[in-house]
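Chain residues, written in single-letter form:
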Amino acid sequence: MAHYQRVGDVPPKRHTQHRDPDGSLYYEELMGEEGFSSDSSLLYHCNVPSAMVDARTWDLPDQSTETTAPLMPRHLSLHGLFPGDGWKGVDAVTGRRLVLGNADVRISYAVVGTTSPLYRNAVGDEVVFVESGTATVETVFGLLEAGPGDYIVIPRATTHRWVTSGEEPLRLYAIEANSHITPPKRYLSRFGQLLEHAPYCERDLRPPASMFELVETHGGDTDVEVYIKHRGVGPGGLAGSVHVVPNHPFDVVGWDGCLYPYAFNVDDFEPITGRVHQPPPVHQVFEGHNFVVCNFVPRKVDYHPLAVPVPYYHSNVDSDEVMFYVAGDYEARKGSGIGIGSITLHPGGHAHGPQPGAIEASLGAERFDELAVMVDTFRPLEIGEAGRASDDGEYAWSWTGGRRS
């Protein structure tokens, strides 16, 4: 999305000499997508951005997945994955546990209590949803303050870290793509501006705030580790490395361009409603290659006198549907054991819809108080170690009152 920003000290003309007060040249770095054919930004470093003094492998958290056969819906209870005070030693990078994944996207969960190492994902963009807690996301572009309901959108290969006080658990739902993640194309003009019918606009996006006043921004001569997730031959086609660099990466004095991390809070999403039930695409907030991200927010519901507010039964013939329940009371799932912190997986090829009694119970409702994040994928999802550990094994029988032959 071409939304130009300029922060800090940049020269009047790109690719020209830019010097510090002592006369030394800054080092210009182009960070761009799709070769030199898409959005990019220019960053001006105090030190050589490609310098490194050592490298080693990083053993990634378990990225293996297993087929979900037999085909059946599943309920995963994520809040049980980090019991007791175990979260206090967990960080937002190395502590992620893989819930679901395929060749296009991976969904992980972490409950965090300590600051992460410096990190960049060289595989694809990340959207990290903050379920609860607060943090500061320090990036090479500047600072993003993260709180409940925030989507933190981090472009591929952006060096960053998650800083948290550890006084309360920081719950993160991480969506990692093997592609770029953008607003839906139908909401964008041919030049990249969000259109009038879009459920949010540029004013709702929070770009990074300058952190150039921080001491480490200009870095001293010190060895710093940067954890990198990249393409490889391991599970999920991923590998990990740690680069040791001679200067702190947050040595940028200025940058400008259309590629940078940003935050967007779900409360700023304006729901699209109608007289009769609206299909899931009206709730879409982002898209990547072969998947979409939607959010279901508190809203006025269908107002035709004979409207049925909860969803109709539907078969996802082309996609798997993953719903993460964040807050409120999701009307269609009453009586199924689904609660805050739950995930439901409804795989393609199986019809799903409201629980028994939910349709009648919803008639006449004027408003739904619910918050959920949905990911629809167009390739089948497999289940990761955290998904296997949190599967209740009972959800598939909830439409028959728990009866299983």
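In the block above lies the structure referred to throughout.
As the structure is a prediction and not an experimental result, all values here were calculated from the model.

A.B. asks: So what's going on with the overall build of the protein? Which residues, and what values?
C.D. replies: On a plain count of helices and strands, the protein comes out with 3 helices and 29 strands. Scaling as 2.2 N^0.38, a compact globule of 405 residues should have a C-alpha radius of gyration of about 22 Å, and the protein matches this with 22 Å. Referenced to the eigenvectors of the C-alpha coordinate spread, the extents of the protein come out at roughly 75 × 45 × 40 Å. Taken over 405 residues, the protein has a buried fraction of 54%.

A.B. asks: Tell me what's going on with the sheet that holds strand 1 (residues 5–8), and back it up with residues and numbers.
C.D. replies: Taken together, the 4 strands give an open sheet; going across it, the order is 1-18-3-2, and neighbouring strands pair in antiparallel fashion. The sheet terminates laterally at strand 1 and strand 2 (27–32), the two strands that pair on one side only. Looking at each pair of strands side by side, their axes are set apart by 15° on average, direction ignored. With 6 bridges connecting them, strand 2 and strand 3 (residues 40–45) associate as antiparallel partners. Directly across from Glu29, in strand 3, lies its bridge partner Leu43.

A.B. asks: Please give an account of the pairing of strand 28 (residues 370–377) that cites residues and values.
C.D. replies: Burial within strand 28 is extensive, with 8 of its 8 residues counted as buried. Of the two faces of strand 28, both are covered, the one formed by Glu370, Ala372, Met374 and Asp376 as well as the one formed by Leu371, Val373, Val375 and Thr377. Inspection of the sheet shows strand 24 (residues 320–328) paired to strand 28 by 8 bridges, in the antiparallel sense. Note that in strand 28 the partner of Asp320 across the bridge is Thr377.

A.B. asks: So what about the pairing of strand 20 (residues 284–288)? Which residues, and what values?
C.D. replies: Of all the 5 residues making up strand 20, 5 are buried; the element is thus mostly covered by neighbouring parts of the structure. Pairing geometry for strand 20 and strand 21 (residues 291–296), over 4 bridges, is antiparallel. Among the inter-strand pairings, Glu287 is bridged to a residue of strand 21, identified as Val292. Remark: 2 residues form the turn of the hairpin made by strand 20 and strand 21, two consecutive strands paired antiparallel; Asn290 in that turn has positive phi of roughly 70°.

A.B. asks: Hey, could you go over the packing of aromatic side chains for me, with residue numbers and the actual values?
C.D. replies: Evaluation of the coordinates by the stated rule reveals 13 aromatic pairs. Measuring from centroid to centroid gives 5.0 Å for Phe141 and Trp255, while their planes differ by 90°, and the two rings are edge-to-face. Taken as a pair, Phe141 in the loop between strand 10 (135–139) and strand 11 (142–146) and Trp255 in strand 18 (residues 252–257) lie far apart in primary sequence, 114 residues in all. Pair check on accessibility: Phe141 and Trp255 agree, each one buried. Aromatic ring contacts, followed pair by pair, group Phe129, Tyr151, Tyr200, Phe264, Phe269 and Phe286 into a single cluster. The ring of Phe82 has Arg97 lying over it, and the distance from NZ or CZ to the ring centre is 5.7 Å. Between Arg186 and the ring centre of Tyr187, over which it is positioned, the NZ or CZ distance is 4.7 Å.

A.B. asks: Give me the lowdown on the pattern of salt bridges, citing residues and values where you can.
C.D. replies: Considering all chains together, one arrives at 13 salt bridges under this definition. Across the salt bridge formed by Glu370 and Arg299, the nearest N and O atoms sit 2.9 Å from each other. On the criterion of sequence distance, the pair formed by Glu370 in strand 28 and Arg299 in strand 22 (residues 299–300) is long-range, its members being 71 residues apart. For the pair formed by Glu370 and Arg299, the shared burial category is buried. Taken together, the shared-partner salt bridges connect Arg96, Arg106, Glu126, Glu176 and Lys229 into one network.

A.B. asks: Help me get a handle on the sheet that holds strand 7 (residues 105–112), residues and values and all.
C.D. replies: Taken together, 8 strands build an open sheet; the order of strands is 15-19-12-9-14-7-6-29 and the sheet is antiparallel. Edge strands, defined here as strands with exactly one partner in the open sheet, are strand 15 (205–206) and strand 29 (382–383). As paired elements, strand 12 (residues 150–154) and strand 19 (residues 262–265) share 4 bridges and run antiparallel to each other. Directly across from Ile152, in strand 19, lies its bridge partner Ala263.

Calculation notes
Residues numbered from 1 in each chain as written. Predicted model: local features only at pLDDT ≥ 70, side-chain atom pairs only at ≥ 80, totals over all residues. Heavy atoms only, no water. Helix = DSSP H or I, 4+ residues; strand = E, 2+ residues; numbered from the N terminus. Rg over C-alpha atoms; globule rule 2.2 N^0.38 Å. Buried < 20%, exposed > 50% of the residue type's maximum accessible area, 1.4 Å probe, protein only. Pairing = 2+ DSSP bridges. Axes fitted to C-alpha atoms, helices over the stretch in contact; angles between N-to-C directions. Phe/Tyr/Trp six-rings, centres within 6.5 Å; stacked < 30°, edge-to-face > 60°. Lys NZ or Arg CZ within 6 Å of the ring centre and 35° of its normal. Salt bridge = Lys/Arg side-chain N within 4 Å of Asp/Glu carboxyl O.

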